[in-house]
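# Working through the structure, step by step
Letter by letter, the chains look like this.
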Amino acid sequence: MAESESGADKSEEPTDKRRRESREKGQVARSRELNTLVIMLAGVGGLLAYGGSMGDSLLKIMRANFALPREALLDDRSMGLWFMSSLQTALEALLPLFVILLVASILGPIALGGWLFSAQALQPKFSRMNPWEGLKRMFSAKALLELLKALAKFTIILLVALVVLSSDQDDLLAMAHEPLEMAILHSAQVVGWSALWMACGLILIAAVDVPFQLWDNRQKLMMTKQEVRDEYKDSEGKPEVKQRIRQMQREMAERRMMAAVPQADVVITNPTHFAVALKYDPKKGNAPVLLAKGGDFLALKIREIAQQHQVMVLESPGLARAVYHSTELDHEIPAGLYLAVAQVLAYVYQLRQFQAGKGKRPGPLPDLPIPPDLRRDE
């Protein structure tokens, strides 16, 4: 189906953010039929595995309670002791089955959708208390589907039960002629296998329900193109907001850069298009560091600040372009420019000595050696 102009058709795959939020709300694929199948199979398996011992324990309890000695009947406290002993024997016999059912009741729900604990799913939803909404859910397509599944489950279990009971008819009739102890063990075996076959009948229901639940959950998570665009804007930020943030970041960086210009040893210019401010600290012994750089208006601003704070400003178009294009702020200049910058710093030192009346006036700044790979013509 083509997407409508309003973008209301859910034709887009759910994003990772949509899936993550859905899990946080507890909205994952779950199959009650799969849970029932796992618990039934585990219970029947436990009954078949431990049915013999449970039958023996039942016989033990019956022998003990139907053959009470005369002293126990006349003792007021003995009844409680006999009851506790019988209860302990019963619990010991049933404990393995209870453990198996407990494990199955945990593994069944997480077999589809994985482990999930959502506090949001535990919160009360007052919208469910609306009678009108309740009626809509009762007569919805989902309610009809659940009804059909329940009827199918009942029909399948009924048919399997009839087949199993008809096949076990001879065994059931033979129990009436067996001794009590053998009849109890025989009945446990017949019940166990009958329950196993009836539980296997649920496999067909679960085989249909599991793919449907996965498909239904995926359909609920599908998104329209507009929802995808809105989510992208929310996660990445609106373009105008991002542009404003970048502008503010640039302004802050420029203010920090301009505040560092008075600390420079020299400002090298193009003379009009580029300006770079360098600082060399002989105590650290590292290469000169770029404190500020800019073009056009920023270059003019750097020169003005340098002049206001009596920082030496020299014209060297080639070196200014090379430093501007090859060095980031607060980083050392590349090794290829060491010699050229060293000559500039030496010239600045001589010029300061002259201005202080301690030396001769230096000649014009010589041509600076700039490696071909660092040269920039523009």
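Residues numbered from 1 in each chain as written. Predicted model: local features only at pLDDT ≥ 70, side-chain atom pairs only at ≥ 80, totals over all residues. Heavy atoms only, no water.

Under the annotation held in an unreviewed UniProt entry, the protein chain carries the name Flagellar biosynthetic protein FlhB and is attributed to Pseudomonas cavernicola. Looking at the protein chain in UniProt, the text filed under Function (unreviewed entry) is "Required for formation of the rod structure in the basal body of the flagellar apparatus. Together with FliI and FliH, may constitute the export apparatus of flagellin." Under the heading Sequence similarities (unreviewed entry), UniProt records this for the protein chain: "Belongs to the type III secretion exporter family." (UniProt positions renumbered as here; feature names shortened; annotations may be inferred.)

Okay, the overall build of the protein chain next. Of regular secondary structure, the protein chain possesses 15 helices and four strands. Burial statistics for the protein chain: of 378 residues in total, 30% are counted as buried. Restricting to contacts in the protein chain with at least 6 residues of sequence separation, those with at least 24 account for 74%. Entry remark: accessible area of the protein chain is about 25,100 Å², with carbon and sulfur atoms responsible for 61%. (Helix = DSSP H or I, 4+ residues; strand = E, 2+ residues; numbered from the N terminus. Buried < 20%, exposed > 50% of the residue type's maximum accessible area, 1.4 Å probe, protein only. Contact = heavy atoms within 4.5 Å. Areas by Shrake-Rupley, 256 points an atom, 1.4 Å probe, with all protein chains shown as cover.)

Moving on, we get to the pattern of salt bridges. Close approach of charged atoms allows side chains of opposite charge to pair. Counted under the stated rule, the structure contains four salt bridges. Residues Lys-220 and Asp-216 are paired through a salt bridge, measuring 3.4 Å at the closest nitrogen-oxygen approach. Linking Lys-220 with Asp-216, this pair stays in helix 10 (residues 202–221), spanning four residues, or about one helical turn. Lys-220 gets classed as partly exposed once you look at its relative accessible area, which sits at 49%. (Salt bridge = Lys/Arg side-chain N within 4 Å of Asp/Glu carboxyl O.)

Most of strand 2 (residues 274–279) is tucked away, with five of its six residues classed as buried. Both strand 1 (residues 266–269) and strand 2 contribute to a ladder of four bridges, which runs antiparallel. Across the sheet, the residue bridging to Val-267 is Ala-277, located in strand 2. Hairpin remark: strand 1 followed by strand 2, antiparallel, with four residues in the connecting loop. Pairing between strand 2 and strand 3 (residues 289–295): six bridges, direction antiparallel. Its bridge partner lying in strand 3, Leu-278 is registered against Leu-290. (Pairing = 2+ DSSP bridges.)

Our next topic: the packing of aromatic side chains. Taken as a whole, this structure holds two aromatic pairs when the rule is applied. Seen from their ring centres, Phe-212 and Trp-215 are 6.0 Å apart, and the 35° between their planes marks the pair as tilted. Residue Phe-212 and its partner Trp-215 are located together in helix 10, separated by three residues, close to a single helical turn. Classification of Trp-215 by relative accessible area gives partly exposed; the value is 48%. Directly above the ring of Tyr-324 sits Lys-293, whose terminal nitrogen or CZ lies 5.0 Å from the centroid. (Phe/Tyr/Trp six-rings, centres within 6.5 Å; stacked < 30°, edge-to-face > 60°. Lys NZ or Arg CZ within 6 Å of the ring centre and 35° of its normal.)

Side chains of strand 1 alternate between two faces, with Val-266 and Ile-268 and Val-267 and Thr-269 buried alike. As judged from the four bridges shared by strand 1 and strand 4 (residues 312–315), these two strands associate in the parallel manner. Bridge pairing links Val-267 to Val-313 in strand 4.

Turning next to the environment of Gln-226. Among the secondary structure elements, Gln-226 is positioned in helix 11 (residues 225–236). A residue is classified by how much of its surface remains accessible, and Gln-226, at 31% relative accessible area, is partly exposed. On a C-alpha basis, the gap between Gln-226 and Asp-9 in space is 9.5 Å, while along the polypeptide they are 217 residues apart.

Quick look at the UniProt feature "transmembrane region" (unreviewed entry) in the protein chain now. The residues that UniProt annotates with the feature "transmembrane region" (unreviewed entry) are residues 34–52, 93–122, 143–165 and 195–215. Along residues 195–215 one finds 95% helix and 0% strand; the C-alpha atoms at either end are 31 Å apart.

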